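Commentary on secondary and tertiary structure
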Amino acid sequence: MNNKRSKLKVWPVVYGCHSSGALHTELAWNYGTDIFMTTFAAFKARRGRPRTMYTDRGVQLVKAGEYINSEWDWDNLEEAAAKEGITIRYCPPGAQWRDGLAE
């Protein structure tokens, strides 16, 4: 993705299990839906496919998408998850306490 003399900025994607409290971390080299789906595929390959996924909509991603041509697409994420039988549940905005372990 880059040469030896340059630096690559990455973001951690942390998955937490609501049953056991276990954590799994993957690194994303971009802030888009496609890269998240790549890290999610790596997570599923190692840990198995979850039935339900809890998340918030990422206020910074939603707001940024209003101003710029964002690479983040929640509909694309929901379609891909539905094809595999994964239900996605969202925490309502302004109710971080409802997100539980994800926060």
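Below or above, wherever it landed, is the structure these notes cover. All values derive from a computational prediction rather than experimental measurement. (Residues numbered from 1 in each chain as written. Predicted model: local features only at pLDDT ≥ 70, side-chain atom pairs only at ≥ 80, totals over all residues. Heavy atoms only, no water.)

1. Quick look at the overall build of the chain
The secondary structure content of the chain amounts to 3 helices and 4 strands. In the chain, the succession of helices and strands from N to C terminus is β-β-α-β-α-α-β. For the chain, with 103 residues in total, the buried portion stands at 25%. Across the chain, the fraction of contacts at a sequence separation of at least 24, relative to all contacts at a separation of at least 6, is 46%. By element, 51% of the accessible surface of the chain is carried by carbon and sulfur atoms, the whole surface being about 7,800 Å². (Helix = DSSP H or I, 4+ residues; strand = E, 2+ residues; numbered from the N terminus. Buried < 20%, exposed > 50% of the residue type's maximum accessible area, 1.4 Å probe, protein only. Contact = heavy atoms within 4.5 Å. Areas by Shrake-Rupley, 256 points an atom, 1.4 Å probe, with all protein chains shown as cover.)

2. Some thoughts on the packing of aromatic side chains
With the rule as written, the count across this model stands at 5 aromatic pairs. Between Tyr15 and Phe36, the ring centres sit 6.4 Å apart and the planes meet at 35°, which makes this aromatic pair tilted. Of this pair, Tyr15 sits in strand S1 (residues 11–16) while Phe36 sits in helix H1 (residues 33–47), placing them 21 residues apart in sequence. Both residues of the pair, Tyr15 and Phe36, belong to the buried class. Relative to Phe40, the ring of Tyr15 has its centre 6.0 Å away and its plane inclined at 35°; by these criteria the two rings are tilted. Remark: Phe40 occurs in helix H1 and Tyr15 occurs in strand S1; sequence separation between them is 25 residues. One aromatic cluster in this structure is built from Tyr15, Phe36, Phe40 and Phe43. (Phe/Tyr/Trp six-rings, centres within 6.5 Å; stacked < 30°, edge-to-face > 60°.)

3. So, the side chain of Lys44
Tracing the backbone through its elements, the reader meets Lys44 in helix H1. Residue class for Lys44 comes out buried when judged on its relative accessible area of 16%. Dropping the residues within four chain positions of it, Lys44 is found in contact with Arg49, Pro50, Glu84 and Ile86.

4. Remarks on the packing of H1 against helix H3 (residues 74–83)
Two elements in contact, H1 and H3, have axes whose closest approach is 10 Å; the angle formed by their N-to-C orientations is 30°. With respect to their mutual orientation, H1 and H3 come out roughly parallel. For the element pair H1 and H3, the recorded crossing hand is right-handed. Packed against H1, whose contacting residues are Thr33, Asp34, Phe36 and Met37, the element H3 presents Asn76, Leu77 and Ala80 at the interface. Looking at the contact of H1 with H3 residue by residue, the class counts come to 4 nonpolar, 2 polar and 1 charged. (Axes fitted to C-alpha atoms, helices over the stretch in contact; angles between N-to-C directions. Parallel < 35°, antiparallel > 145°, perpendicular 65-115°, else oblique. Left-handed = near helix turned anticlockwise from the far one by under 90°. Nonpolar A, V, L, I, M, F, W, Y, C, P; charged D, E, K, R; others polar.)

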